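# Inside the fold
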Amino acid sequence: MLNQLRIGAKFNLLLVAVFLLGSIAGGFALSKVLQEKSEAKVVSEALVMLNTINAQRIYTDQQVRPLLENAFGTEQFIAETVPSYGARRVFENLQRLGFEFKQKIYKEAVLDPTNPDDRADEFETELTARFAADESLEEISGFRQVRNVGPIFYIAHPIRIRRESCLACHSTPDVAPRGMVEVYGPNNGFNWELGSTIGAQMVYVPAQQIFSQARQSFLVIMSIFLLVFAAAMLVLNRVLNSTVLRPVQILAQASQLMGAGKIKSEEDVENMEFRRLSNVMKQEDEIGQLSRIFQTMINKIVEREQKLRQQIRQLTIEIDQSRKAKEVSEIVESDFFKNLQHKAKSIRQRDPNLETPEDEEI
């Protein structure tokens, strides 16, 4: 079936095959690169947010807390001295000030929190268990699917009780500041132990919008690639048609005329398809070289045809002369002619004064 196609169709078929293979390979590589880039962007945003919050926690723990404790004492409960409280307030301010933080979530997910809003869900409880099982594990990240939201990237750091000062509020209700117990009650956020893993510091970044942007970028790039391929295919077809297909068609038509015996003189060459070879012969490529060779062959054929016709005419003349000589010889050698000659001779002998033509061969 492929052998039955024209050169242009074969060329276009080859281009389409190359385009499809290139699109599949390039599209797969591009999709992978854009996916990795999107994931890297999500990770970067999550890390920036997490580092900003941790910086605030360190500032609260090392600067704000000692200052307030010196001013008001350690028995009075002041929420601003709690690093998690300061971190939550900073994140809320970030959400109010910047649109890029509105869809992000920060949570200190604790198994038994003082504030019920910080209670870990099933997924966060599982992460806390993994941190508790492996104390060397300091970070877990990945994607979780949330209904009506789509994929969400998360980064989790363990919340471990590393200092005894943390137990001043979370060991037993009778030791905790009275103000904290009055606000949150005596049933939650107690009986923590030094060195235990009580929860996970979570940062959630919705990835649906970023992945949608990556898909849009993929579609735009592939559309541009398609347009470039279509333009290249159009240009290549025109170049192929003008430099290869059309000259080959001219050569093929000239060959058909030669095969049909329609080349008999130089006038035939000038008045028929062969005159179009002059433009093809100007090309410096292989087609032009073939056309020049073909033109030389045509000229030799015309020259040989003319010589052959001249030889035929000469042979015809010689045949006619030979035929005439033979006919004259046959007449002279006939009995009728001989009797006629004998009678003419007798007449001359009887009347010498009679003017008669002399004997001659007819």
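Owing to the predicted nature of the structure, the values given are computational and were not obtained by experimental measurement.

Moving on to the overall build of the chain. For the chain, the helix and strand inventory stands at 10 helices and four strands. Starting at the N terminus and ending at the C terminus, the chain contains elements arranged as α-α-β-α-β-β-α-α-β-α-α-α-α-α. Counting every position in the chain, which comprises 362 residues, the buried fraction comes to 30%. If you take every contact in the chain between residues at least 6 apart in sequence, the share linking residues at least 24 apart comes to 61%. Surface accessibility of the chain: about 24,500 Å² in total, with carbon and sulfur atoms responsible for 56%.

The four strands are arranged β1-β4-β3-β2 in an open sheet whose pairing can be described as antiparallel. The open sheet is flanked by β1 (105-110) and β2 (140-146), the only strands paired with a single partner. Strand-to-strand, the axes of this sheet are offset by a mean angle of 30°, without reference to chain direction. In this structure, β2 lies alongside strand β3 (residues 150-160), joined through seven bridges in antiparallel fashion. Residue pairing across strands places Val-146 opposite Gly-150, the latter belonging to β3. Along the sheet, helix α3 (residues 122-133) makes contact with β1, β2, β3 and β4 (197-206), crossing β4 at roughly 125°.

Here the focus is the side chain of Thr-128. The topology assignment puts Thr-128 in helix α3. Leave out the neighbours within four places in its chain, and Thr-128 touches Leu-111, Thr-197, Ile-198, Gly-199 and Ala-200.

A separate point is the pattern of salt bridges. Evaluated as defined, the whole model comprises nine salt bridges. Linking Lys-104 and Glu-45 is a salt bridge whose minimum nitrogen-to-oxygen distance equals 3.4 Å. Within this pair, whereas Lys-104 is found in the loop between α2 (83-97) and β1, its partner Glu-45 is found in helix α1 (residues 7-72), the two being separated by 59 residues in sequence. For Asp-121, the salt bridge identified is with Arg-144, shortest N-O distance 3.6 Å. Taken together, the positions of Asp-121 in the loop between β1 and α3 and Arg-144 in strand β2 put the pair 23 residues apart, joining distant regions of the chain. On the basis of relative accessible area, Asp-121 is assigned to the partly exposed category, the value being 30%. Overlapping salt bridges, with partners in common, bring together Glu-138, Arg-160 and Arg-162 in one network.

Let us now look at the nonpolar core. Counting residues in each nonpolar core, the largest one holds 16 residues, and the members touching the most others are Val-42, Ala-46, Met-49, Ile-53, Tyr-106 and Val-203. Looking at this core, the elements that each hand over two or more residues are α1, α2, β3, β4 and α6 (208-259). If you tally residues by element for this core, the top one is α1, at five residues. In contact with Ile-53, not counting residues within four places along its chain, are Ala-87, Phe-91, Tyr-106 and Gln-201. Membership of the second largest hydrophobic core comes to 11 residues, among which are Ala-109, Phe-131, Ala-156 and Tyr-204.

Turning to the pairing of β3, a few remarks are in order. Taking burial as the measure, the 11 residues of β3 include 11 buried ones, the bulk of the element. Counted along the chain from β2 to the antiparallel partner β3, the turn is three residues long, and its residue Asn-148 has a positive phi close to 65°.

What follows is about the packing of aromatic side chains. Scanning the model with the defined rule gives five aromatic pairs in all. Of the aromatic side chains, those joined through ring pairs into one cluster are Phe-19, Phe-225 and Phe-229. The ring of Tyr-85 has Arg-89 sitting right over it, with the charged end atom 4.7 Å from the ring centre.

Glancing now at the environment of Met-222. By secondary structure assignment, the location of Met-222 is in helix α6. Ignoring any residue separated from it by four or fewer positions in sequence, one finds Met-222 in contact with Ser-23, Gly-27 and Leu-30.

For the chain, the mean per-residue pLDDT works out to 77, and 83% of the residues sit at or above 70. Here helix α7 (residues 266-271) is the element of the chain with the lowest mean pLDDT, 53, and α3 is the one with the highest, 92. Segment residues 358-362 is flagged for pLDDT under 50; beyond a separation of four residues in sequence, or across chains, it makes six contacts in the model.

Moving on: α3. In this model α3 runs 17 Å from its N-terminal to its C-terminal C-alpha over 12 residues, within 8% of the 16 Å that 1.5 Å per residue would give. Listed in full, the buried residues belonging to α3 are Glu-124, Leu-127, Thr-128 and Phe-131. Seen from one end, α3 has its buried residues packed into an arc of 100°, which puts them on one side. Residues of α3 that are exposed and point over 90 degrees away from its buried face: Glu-122 and Ala-133. Check the buried side of α3 and you find it contacts β1, β2, β3 and β4. Capping the start of α3, Asp-121 holds a side-chain oxygen 3.2 Å from the backbone nitrogen of Phe-123, two or three residues further along.

Reading guide: rules and limits
- Residues numbered from 1 in each chain as written.
- Predicted model: local features only at pLDDT ≥ 70, side-chain atom pairs only at ≥ 80, totals over all residues.
- Heavy atoms only, no water.
- Helix = DSSP H or I, 4+ residues; strand = E, 2+ residues; numbered from the N terminus.
- Buried < 20%, exposed > 50% of the residue type's maximum accessible area, 1.4 Å probe, protein only.
- Contact = heavy atoms within 4.5 Å.
- Areas by Shrake-Rupley, 256 points an atom, 1.4 Å probe, with all protein chains shown as cover.
- Pairing = 2+ DSSP bridges.
- Axes fitted to C-alpha atoms, helices over the stretch in contact; angles between N-to-C directions.
- Salt bridge = Lys/Arg side-chain N within 4 Å of Asp/Glu carboxyl O.
- Core = buried A, V, L, I, M, F, W, Y, C linked by side-chain atoms within 4.5 Å.
- Phe/Tyr/Trp six-rings, centres within 6.5 Å; stacked < 30°, edge-to-face > 60°.
- Lys NZ or Arg CZ within 6 Å of the ring centre and 35° of its normal.
- pLDDT = per-residue confidence, 0-100.
- Expected span 1.5 Å × (residues − 1).
- Arc of directions from axis to C-beta.
- Polar contact = N/O pair within 3.5 Å; in protein donor to acceptor, adjacent residues only side chain to side chain.

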